[in-house]
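Below, each chain spelled out in residue letters.
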Amino acid sequence: MKIAVAKGDGIGPEIMDAVLRIFGAANLPLEFVPVDMGKYIYDQGFSTGMTPEAKATIESLGILFKGPMETPKGKGVKSINVTARKVWNTYANKRVFRSLNGVETVFSKAGIPIDITIVRENIEDTYGGIEHMLTHDVALCRRFITRPGSLQVHRYAFEMARKKNARKITCGHKANIMKITDGLFLETFYEVAKDYPDLVANDVIVDDLAMKLVAKPGEFDVVVLPNLQGDIISDLCAGLVGGLGFAPSANIGDNISIFEAVHGTAPDIAGQQKANPTALLMSGIMMLRHIGLTESAAKIENAMLTTLEEGAHTADFGKPGTPALNTQQYADAIIANLGKKPSITTPSTGAADHITFTAPRPLSENPIKESPAQKGEIVGADFFVESNQQAVKVAEAFNRTISGAFELQLISNRGTQVWPTGSVFTECMNQYRVRVISKNDAPVSQQAMLQEVMNVAAELKICSVEMLMTYDGKKAFSLAQGQ
Ligand code: NAI
């Protein structure tokens with residue numbers, strides 16, 4: 001089988017060489033096909049950070065094993081790491097955090113074992129990077145959570161949890177504040193949970209989750225989260241097990257999957273052979289399991305666990321006073337232990353893992369995923385307008401310009417209601433959200449609503465407009481704080 005390999009930038013080539021040497025010594029039946037991706041490719045003028053040949057190779061092989069990559073700073077260039085995950089729909093980011101004997105942490109010293117798997121939704125949320133300045137003072141970021149996207153990642157998380165004999169699966173979210181977006185993520189979690197009665201399913205608000213992960217990490221087994229919250233919580237979990245040097249990740253899609261360490265290019269130690277290759281090695285072990293090489297995965301994992309138990313370490317961890325190995329010496333120590341089993345840690349077995357690789361099946365067109373249709377009707381619009389006037393003046397302008405079929409319902413500033421009632425203590429910026437509703441909530445045409453936009457535009461600067469919808473008669477928009 002062929003695997004596409006991109007060594008990456010910074011410490012990437014050093015740690016990838018170390019891992020590929022370990023794989024070579026384990027006699028894996030794999031051919032590693034180098035592909036060109038990363039900063040040096042941006043520098044050659046490829047705006048996507050990868051050559052067309054690299055894209056074609058990855059899309060035909062279906063597996064990319066990659067080192068960390070640097071995104072050039074400055075506007076107009078998107079992160080190659082995020083782009084690769086999104087373009088190839090690697091919708092589930094699985095990150096495993098386990099205590100390792102030989103890696104001292106405050107938890108290992110206290111005898112508290114950690115074994116937590118985070119599944120982070122990998123496509124949606126704020127990671128579209130769709131941002132605008134609404135006024136010169138007010139920035140807005142759009143956050144997408146979709147029903148099919150949420151169902152997809154939850155289904156993956158439940159399947160994975162069942163196959164790894166997890167006892168419990170927890171959804172982290174902030175649905176108490178983001179009732180529609182995180183509300184949808186949470187609702188779909190419990191929808192999928194119905195098909196897995198053997199697993200205990202619960203949910204925790206993300207701030208409480210952060211505290212509980214530190215105070216009582218044993219309470220958690222598999223945790224599924226939206227993209228941004230998953231990103232933050234997984235770095236917290238990396239801290240629980242000894243840092244980024246021990247945080248592997250798999251970006252799983254139905255066609256293409258990407259395996260990489262959680263950490264970045266570590267420019268401060270690049271080129272010095274100081275980097276710890278363990279996280280990349282662990283990501284590679286996940287990849288071997290994904291493609292069915294479970295025996296080889298167990299053999300390499302056991303060699304790694306044995307080496308850690310022996311006290312071998314790179315400069316970023318290990319007992320103070322004991323000499324650190326460089327990246328390649330550390331890899332050599334693991335190679336020397338191939339065939340051995342750890343004595344303290346329970347050895348890994350070649351048991352079949354939960355992920356089954358299937359070769360990419362390209363479709364002639366991009367698939368549109370949609371749940372059963374619901375009747376959508378427009379009942380009004382939220383106008384985002386720029387104004388440095390008091391809210392009452394903005395209300396007067398709207399009342400002068402909107403037609404008799406509509407009425408002004410409320411005005412908010414930064415989400416807090418300031419008209420018709422509010423507090424004089426609410427501080428306002430130069431941008432209001434003005435809610436215009438059709439009389440008696442009667443459905444209106446898109447043309448009629450846009451005509452109101454034209455009417456209001458005669459007096460006020462409109463930054464953006466959001467239609468207020470009902471689906472199957474249910475309101476599909478949030479209320480203002482204080483409403
Ligand atoms: P970083 O993860 O590269 O470094 C943070 C700290 O951890 C540094 O002190 C570094 O020396 C240390 N560190 C990281 N990995 C290590 C390892 N394997 N062994 C020993 N020490 C290690 O994060 P930073 O500095 O925020 O980002 C640097 C660059 O990496 C940026 O250009 C960023 O965009 C990129 N990046 C790429 C990622 C990817 O390719 N998936 C992920 C995160 C960042």
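The structure under discussion appears in the preceding block.
Sequence order as written defines residue numbering, which begins from 1 separately in each chain. Local features in this predicted model are restricted to residues whose pLDDT is 70 or higher, and side-chain atom pairs enter the listing and the counts only when it is 80 or higher, whereas totals over whole chains, interfaces and linings include all residues. Neither water nor hydrogens contribute to the side-chain values; these are computed over all heavy atoms in the structure.

To continue, consider the sheet that holds strand E12 (residues 257-261). Any two strands with at least two DSSP-identified bridges between them are counted as paired. Starting at the N terminus, helices and strands are each numbered in turn, a helix being any DSSP run of H or I of at least four residues and a strand any DSSP run of E of at least two. One open sheet accounts for ten strands, arranged E2-E1-E3-E12-E11-E4-E5-E10-E8-E9; its pairing is mixed. Strand pairing shows two members of the sheet lacking a second neighbour, strand E2 (31-34) and strand E9 (200-205), which therefore form its edges. Going across the sheet, the axis of each strand differs from the next one's by a mean of 25°, ignoring polarity. Relative to E12, strand E11 (residues 248-252) runs antiparallel, the two being bridged by four bridges. Looking at E12, one finds that Ala 250 is bridged to Phe 259. Here an axis means a line fitted to C-alpha atoms, over the contact stretch when the element is a helix, while the angle between two N-to-C directions is reported on a 0 to 180 degree scale.

Axis separation between helix H8 (residues 206-215) and helix H9 (residues 227-240) bottoms out at 10 Å; the angle between their running directions is 10°. Put simply, H8 runs roughly parallel to H9. Here Val 206, Leu 209, Ala 210, Leu 213 and Val 214 of H8 lie close against H9, whose contacting residues are Gln 229, Ile 233, Leu 236, Cys 237 and Leu 240. Its residues assigned to classes, the contact of H8 with H9 shows nine nonpolar, one polar and no charged. Any angle that falls under 35 degrees is termed roughly parallel, while one over 145 is termed roughly antiparallel, one within 65 to 115 roughly perpendicular, and all others oblique. Only heavy atoms matter for contacts: two residues are in contact if any of them lie within 4.5 Å across the pair. Under the scheme applied here, ten amino acids are nonpolar (Ala, Val, Leu, Ile, Met, Phe, Trp, Tyr, Cys and Pro), four are charged (Asp, Glu, Lys and Arg), and all others, including Gly, are polar.

What follows covers the pairing of strand E3 (residues 63-66). Categorising residues by exposure relies on relative accessible area from a 1.4 Å probe, with only protein chains included: less than 20% of the type maximum marks a residue as buried, more than 50% marks it as exposed, and the intermediate range marks it as partly exposed. Side-chain alternation along E3 places Ile 63 and Phe 65 on one buried face and Leu 64 and Lys 66 on a second face that is also buried. The pairing of strand E1 (residues 2-6) with E3 spans three bridges and is classified as parallel. Bridge pairing in E3 places Val 5 opposite Phe 65. Taken together, the three bridges between E3 and E12 define a ladder with parallel strand orientation. Among the inter-strand pairings, Phe 65 is bridged to a residue of E12, identified as Phe 259.

Nothing here speaks to function; it is geometry throughout.
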